[in-house]
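Chain by chain, the residues:
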Protein chains: 4
Amino acid sequence: MCTATNYTTKDHYFGRNLDLEFSYHEEVTVTPRNFRFEFRKAEPLASHHAIIGMATIVDGYPLYYDATNEKGLSMAGLNFPENADYKPEAPDRTNIAPFEFIPWILGQFETVAEVRDALAGLNLVKINFSDAYPLSPLHWIISDREASITVESVAEGLKVYENPTQVLTNNPTFDIQLFNLNNFMHLSTRTPENTFSKELDLDVYSRGMGGIGLPGDLSSASRFVKAVFTRMNSLSGDSESESISQFFQILGSVAQQRGCVQVGDKDDFEITIYSSCCNTDKGIYYYTTYENSQVTGVDMHKEDLDGSTLAHYPMIKGQSIRMEN
Amino acid sequence: MCTATNYTTKDHYFGRNLDLEFSYHEEVTVTPRNFRFEFRKAEPLASHHAIIGMATIVDGYPLYYDATNEKGLSMAGLNFPENADYKPEAPDRTNIAPFEFIPWILGQFETVAEVRDALAGLNLVKINFSDAYPLSPLHWIISDREASITVESVAEGLKVYENPTQVLTNNPTFDIQLFNLNNFMHLSTRTPENTFSKELDLDVYSRGMGGIGLPGDLSSASRFVKAVFTRMNSLSGDSESESISQFFQILGSVAQQRGCVQVGDKDDFEITIYSSCCNTDKGIYYYTTYENSQVTGVDMHKEDLDGSTLAHYPMIKGQSIRMEN
Amino acid sequence: MCTATNYTTKDHYFGRNLDLEFSYHEEVTVTPRNFRFEFRKAEPLASHHAIIGMATIVDGYPLYYDATNEKGLSMAGLNFPENADYKPEAPDRTNIAPFEFIPWILGQFETVAEVRDALAGLNLVKINFSDAYPLSPLHWIISDREASITVESVAEGLKVYENPTQVLTNNPTFDIQLFNLNNFMHLSTRTPENTFSKELDLDVYSRGMGGIGLPGDLSSASRFVKAVFTRMNSLSGDSESESISQFFQILGSVAQQRGCVQVGDKDDFEITIYSSCCNTDKGIYYYTTYENSQVTGVDMHKEDLDGSTLAHYPMIKGQSIRMEN
Amino acid sequence: MCTATNYTTKDHYFGRNLDLEFSYHEEVTVTPRNFRFEFRKAEPLASHHAIIGMATIVDGYPLYYDATNEKGLSMAGLNFPENADYKPEAPDRTNIAPFEFIPWILGQFETVAEVRDALAGLNLVKINFSDAYPLSPLHWIISDREASITVESVAEGLKVYENPTQVLTNNPTFDIQLFNLNNFMHLSTRTPENTFSKELDLDVYSRGMGGIGLPGDLSSASRFVKAVFTRMNSLSGDSESESISQFFQILGSVAQQRGCVQVGDKDDFEITIYSSCCNTDKGIYYYTTYENSQVTGVDMHKEDLDGSTLAHYPMIKGQSIRMEN
């Protein structure tokens, strides 16, 4: 399914793995300030913050998977099957369709604090983009440099959780994901001490034994624990190269390898279609793909951000190998 | 510590992660056929199979970490602390120092079957390269397209294990590593069925739940289980790009992220210094580094393999980013 | 902490482990029909169903831990720290103090269905028995032969959960406990098949390997999984001896041994003070204690159930050994 | 399968669970000093130490499952399928059949130190008791108050392991069982500290969380870890009642409940047929059975130990309930 995370060195980085058994025509897409965002049940945004992220463009509309705006606010939608519950139109609230949620948030706000306030009056309304693009069951992580929140529209209503882990995967609901971390509080990056029994002479036979108990399967609850442990303990230098590398290493710790997650009874397998890492301070969107481990980058500030036309760069796939001889 | 593996599509691939808290001056090194290999206690090899692999070159001698010869035979040494036990010189056997083991094997043999025979008369003798390069406690994986063996010199003597997993990590001894896989036989890439209780209505709330129980920490025993599961279930197309990508994805599943494995009480952390993948049929050695995810390649057949001088290419580090705008 | 469960052969049985680091003066206590139950904020019950169970009698009032009435309805209170949230008096509801909850329910109702209805108007009011007997944070399991429910008064209000497992332990809240069972759906009482890899020849080296992954520690979430697995897969003959034995075996699977659960930093350790098993059809209450494994029984129908005075039998402690010579 | 253990308070105790899907006609059996022990390939013992333990008596010969002699030396045989490898007669060694092993050891020796010496010249010879009583694949624990050893006759020969855990279950071989404990060194009876991440506010929501990771399934490797943890951390008063109780609690932590371990594809299930606890200082053998939790005792010193005839007491089965009214 998917994993999103944040990491901060000198700059702040936001990104995600997209794990699926198929790929739409994803493109790195820059939406400039004067691209007119229409909303089905809310006022349009004629001008707004510029946005960069990964999207499928349909009928000229950028369906963003994850994106960052020019103010450094970031947002990603991740699969949330069985739990996502969108609502009928509510007359007293701002009704936003799930596919409009990222543009509506990133177009207007600069910080998570502002978003928190705006969400108080929001209703995620059950409207699809089109018959060909039906509703996806999603939940979202919204982050700035300081904080992250998780937004879930479930049967009980719209839930907004503080997310101190700054990581999001999929099911179960975020309160259970957070609770589950308690069961791993004893894990450590350090060498374990023998607390089993002082009378037994036990042996640290390998480095890394402080992490024994960390799950390694690719289910969403296990990926959450593994990604949080990796992220919270990550260390990196401040340079762009070091920071990006550490970010992709964090996402790599929960990547999905072809063959390991079979979908239903078919011969389909989920893989990590792409991994992204956006420098939210500089507006540069980096990514790798399952088959292209070289980092590709797009800089939003190299586009005409005052324009009204989407700039888009198809994903580069296939290993780009540097031969030395 | 380290992980080595094999994977076969149309061609056969062999490689490894080198996980350490520091880096020597590793270089991709091609040893041509007429480079004279001296051995401390055995006859020299004036001419031999050409070899490509990662090495530190000291005083003109290639100290290989992992390598492949022009016949497709491959070999890697991995850390084996507390267990590796090298022996005094044995008059009735061929006495090879651990640092000579890769050249001696890859210089002469074409298949694992040949190696198995040769090992019958071998003694791994307790001789270091120099005071500055003391003995490393190692064990080895030796592979051709068809089979792999694990070689361990332990207190009881030289043990040679068939290795049907074609994966090697570190401690414990390989018999225990293989035995431990029995405890994971129920894991699956498929959706689990409810065998807990027919009377309870349990829910497959995520893809990948068939793998629940797979360890995700970075200790050597856990990496072994995770890498074997990933490798044995891997699926890939036959092209070079697809094959290499799948190989690096397998190694990525057990990569070590900076911060997750603290060494002793110091602020040192093991990381995956490099990941290698050698096309053993074509003699092309590919690698990535912790901070450079682009694949770099060196083709042994582009060198003068009848020469007598080492060709060597320092590791390319630092992200090589392809900017799109 | 504690574990409660149900089991049905020819008759229906209900009981629990009480796990604590100390023991009050628990007694098997029969409350006859005409013992007057006063309630702090509700109408008294001058006559009611007779009740048998384990209680501490304070000032003539039976503070029941777990009990069954003459109609076969049963109820037990289990520790629920941090989560239990009792409320101020609510004018429009029936206000029952936690210590009154078992008498109020068992005094009036015959089935879980009746209880479900009654709970709709209930408020668990924040009133302690006395300064010497402060409020305990509890949640409850209420069972008849057909069904069980779990009742939790938490910050959001009074929650009533269907409990198909018929097991209750302690934290976390019951919705999370139930959800967590999904992670164990692959466990089985049968011999596992090798789904890890067809290419590896893995070995079923022990009976019971289908259960690998079942937790064995004594935390409340782990005891819940273990007790549910044991209960749901239990098999027993129909006789009283067989049924009771199987019941105590289920409770034994999650018993707490002295030394294994340290309380805080003190040299106090939780142990299973007593295990109970009530034949709810016959009104016979059986129990064992940590140090007395012989089953002791009290038959409510041997008491004057039309009386107004409590009958009580102090717990028999200390091994009662049958010497054969 | 089975679990054996030791525990010492003022006195020393030795015992085991016998886990099987069927029961032979087990009896507590006292062999007095002048019962003549014949051996198939070794000199008979016309007089010897008196022995008490659980046995099936066939043709007047006590086939002991577990036993203790009047000097306090104890021994139990536990199932060891696939691994036990008995040998042809060896002319230069003492050839003892597996079914003779307990009488031969307990008849002659007082301490584990003496046994260690005697085992140097021993050969476990492949001779069955009779066609109706074929060879059982077994390994053994031999204990005195100070120490325990594990004896395994495997393909490589007779192995004698020091056993600091004083626990034995079944497969795998004892070296692997001991090694596996290293993976649990971080378990503790204490409340865990949050070493996962200082930046996350994790919650100790239950007592006993220091043991998270302890296995709870009934396979032999899991029972070993659970029983060792329970035993090594056990605390008990010194009295006979307290000591026995703690011993049976340790064994109870790895008892097998009917329904939880299916044997093959049949509707057979392993259960804990009996649990024994011998006070090796006083020569009193206590036991409980699956269906009789009351402790039954037999005192060897109440028999004529200078006699030549077996004294035997059939196992008491079926709950012996103490009714209070």
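Residues numbered from 1 in each chain as written. Chains lettered and ligands numbered in written order. Predicted model: local features only at pLDDT ≥ 70, side-chain atom pairs only at ≥ 80, totals over all residues. Heavy atoms only, no water.

A. Broad picture of the packing of helix H1 (residues 101-108) of chain B against helix H2 (residues 112-119) of chain B. Residues and elements named next belong to chain B. With their axes 10 Å apart at the nearest point, H1 and H2 run at an angle of 125° to one another. Taken together, H1 and H2 sit at an angle that is classed as oblique. Viewed along their axes, H1 and H2 form a crossing whose handedness is right-handed. For the pair H1 and H2, contact is made by Phe101, Trp104, Ile105 and Gln108 and by Glu114, Val115, Ala118 and Leu119, respectively. (Axes fitted to C-alpha atoms, helices over the stretch in contact; angles between N-to-C directions. Helix = DSSP H or I, 4+ residues; strand = E, 2+ residues; numbered from the N terminus. Parallel < 35°, antiparallel > 145°, perpendicular 65-115°, else oblique. Left-handed = near helix turned anticlockwise from the far one by under 90°. Contact = heavy atoms within 4.5 Å.)

B. Structural view of the pattern of salt bridges. Scanning the entire structure with this criterion turns up 48 salt bridges over all chains. Note that Arg322 of chain A is salt-bridged to Glu324 of chain A, the shortest N-O span being 3.8 Å. A relative accessible area of 22% places Glu324 of chain A in the partly exposed class. Arg116 of chain D is the salt-bridge partner of Glu162 of chain D, the closest N and O atoms lying 2.7 Å from each other. Of this pair, Glu162 of chain D sits in strand S11 (residues 157-162) while Arg116 of chain D sits in helix H2 (residues 112-119), and the two are 46 residues apart along the sequence. (Salt bridge = Lys/Arg side-chain N within 4 Å of Asp/Glu carboxyl O. Buried < 20%, exposed > 50% of the residue type's maximum accessible area, 1.4 Å probe, protein only.)

C. Up close: the relation of the copies chain B and chain A. Note on the identical chains: chain B maps onto chain A by a rotation of 180° and an axial translation of 0.0 Å, with an RMSD of 0.0 Å. Here the symmetry operator amounts to a two-fold rotation axis. Residues of chain B ranked by C-alpha distance from the rotation axis are headed by Gly216 of chain B, positioned 1.7 Å from it. A shared interface surface links the copies, since 100% of the contact residues of chain B are contact residues in chain A too. (Least-squares fit on C-alpha atoms with pLDDT ≥ 70 in both.)

D. Spotlight on helix H5 (residues 240-252) of chain B. Residue and element names in this part refer to chain B. Under the 1.5 Å per step criterion, the end-to-end length of H5 is 18 Å for 13 residues, consistent within 8% with the ideal 18 Å. Where H5 is concerned, the buried positions are Ser241, Ser243, Ile244, Ser245, Gln246, Phe247, Phe248, Gln249, Ile250 and Leu251. As for H5, its buried residues are in contact with strand S1 (2-8), strand S2 (12-20), helix H4 (220-232), strand S15 (271-279) and strand S16 (284-289). (Expected span 1.5 Å × (residues − 1).)

E. Seen up close, the UniProt feature "domain: Choloylglycine hydrolase/NAAA C-terminal" (unreviewed entry) in chain A. Mapped onto the present numbering, the UniProt feature "domain: Choloylglycine hydrolase/NAAA C-terminal" (unreviewed entry) falls at residues 2-310 of chain A. With 16% helix and 31% strand, residues 2-310 of chain A has end C-alpha atoms that lie 26 Å from one another. (UniProt positions renumbered as here; feature names shortened; annotations may be inferred.)

F. Expanded view of the environment of Gly208 of chain D. With respect to the helices and strands, Gly208 of chain D occurs in the loop between helix H3 (174-180) and helix H4 (220-232). Contacts of Gly208 of chain D, omitting those with residues within four sequence positions, involve Asp217, Leu218, Ser219 and Val261 of chain C.

G. Inspection of the interface of chain B and chain A at higher detail. If you look at the interface, chain B gives 79 residues, while chain A gives 79 residues. Summed over both sides, the interface of chain B with chain A buries roughly 6,600 Å², with 48% coming from carbon and sulfur. It is Arg207, Glu324 and Asn325 of chain B in chain B that bury the most area against chain A; as a group they hold 12% of the surface buried on that side. Counting the contacts that link chain B with chain A gives 4 salt bridges. Those elements that provide at least two residues to the side of chain B that touches chain A are H4, H5, strand S13 (262-263), S16, strand S17 (296-299), strand S18 (311-314) and strand S19 (322-323) of chain B. Ranked by residue count, the leading element in the side of chain B that touches chain A is H5 of chain B, at 8 residues. Grouping the constituent residues of the side of chain B that touches chain A by class yields 29 nonpolar, 33 polar and 17 charged. Relative to S17 of chain B, strand S19 (residues 322-323) of chain A runs parallel, the two being bridged by 2 bridges. Looking across to S17 of chain B, one finds that Arg322 of chain A is bridged to Thr296 of chain B. (Buried area = accessible area lost by both parts, 1.4 Å probe. Nonpolar A, V, L, I, M, F, W, Y, C, P; charged D, E, K, R; others polar. Pairing = 2+ DSSP bridges.)

H. Geometry of the sheet that holds S17 of chain B. Across the sheet, which stays open at both edges, the 7 strands sit in the order S19(A)-S17(B)-S16(B)-S15(B)-S2(B)-S1(B)-S12(B) with mixed pairing between neighbours. Only two strands of the sheet have a single partner each, and these edge strands are S19 of chain A together with strand S12 (167-168) of chain B. Both S1 of chain B and S2 of chain B contribute to a ladder of 7 bridges, which runs antiparallel. Paired with Thr8 of chain B across the bridge in S2 of chain B is His12 of chain B. In this fold H4 of chain B packs onto S1, S2 and S12 of chain B, with an angle of close to 15° to the strand it touches most, S1 of chain B. With respect to the sheet, H5 of chain B is in contact with S1, S2, S15 and S16 of chain B, its orientation differing from that of S15 of chain B by roughly 145°.

I. Quick look at the relation of the copies chain D and chain C. Overlaying chain D with chain C gives an RMSD of 0.0 Å, the required rotation being 180° about an axis along which the chain moves by 0.0 Å. When the interface residues of chain D are mapped onto chain C, 100% of them again lie at the interface, so the same face is used by both copies.

J. Structural detail: the sheet that holds strand S9 (residues 138-143) of chain B. Residues and elements named next belong to chain B. Pairing is antiparallel across the open sheet formed by 8 strands, whose spatial order is S11-S10-S9-S6-S5-S4-S3-S18. Edge positions in the sheet fall to strand S11 (157-162) and S18, since each has one partner strand and no second. Averaged over all pairs of adjacent strands, the angle between strand axes in this sheet comes to 30°, irrespective of strand direction. Across 6 bridges, the pairing between strand S10 (residues 148-154) and S11 is antiparallel. Across the sheet, the residue bridging to Val151 is Val160, located in S11. Its contacts with the sheet place H1 against strand S4 (51-58), strand S5 (61-69), strand S6 (74-79), S9 and S10, and it is angled at close to 40° to S5. Here H2 sits on the sheet in contact with S9, S10 and S11, set at roughly 20° to S10.

K. View of the side chain of Thr189 of chain A. Secondary-structure assignment places Thr189 of chain A in the loop between helix H3 (174-180) and helix H4 (220-232). With a relative accessible area of 10%, Thr189 of chain A lands in the buried category. Those residues in contact with Thr189 of chain A that sit more than four places away from it in its chain are Phe229 and Asn233 of chain A together with Gly259, Cys260, Val261 and Gln262 of chain B.

L. Representation of the interface of chain D and chain C within the structure. Taken residue by residue, the interface counts 79 residues in chain D and 79 residues in chain C. Buried surface at the junction of chain D and chain C, summed over both partners, amounts to about 6,600 Å²; 48% is from carbon and sulfur atoms. Among the residues chain D hides against chain C, the three largest losses belong to Arg207, Glu324 and Asn325 of chain D. Together they make up 12% of the total. Residue Arg207 of chain C is joined to Glu270 of chain D by a salt bridge in which the shortest nitrogen-to-oxygen separation is 2.6 Å. Across the chain D-chain C interface, the total number found is 43 residue pairs in polar contact (both at pLDDT 80 or more). Mapped onto the side of chain D that touches chain C, the elements with two or more residues apiece are H4, helix H5 (240-252), strand S13 (262-263), strand S16 (284-289), strand S17 (296-299), strand S18 (311-314) and strand S19 (322-323) of chain D. (Polar contact = N/O pair within 3.5 Å; in protein donor to acceptor, adjacent residues only side chain to side chain.)

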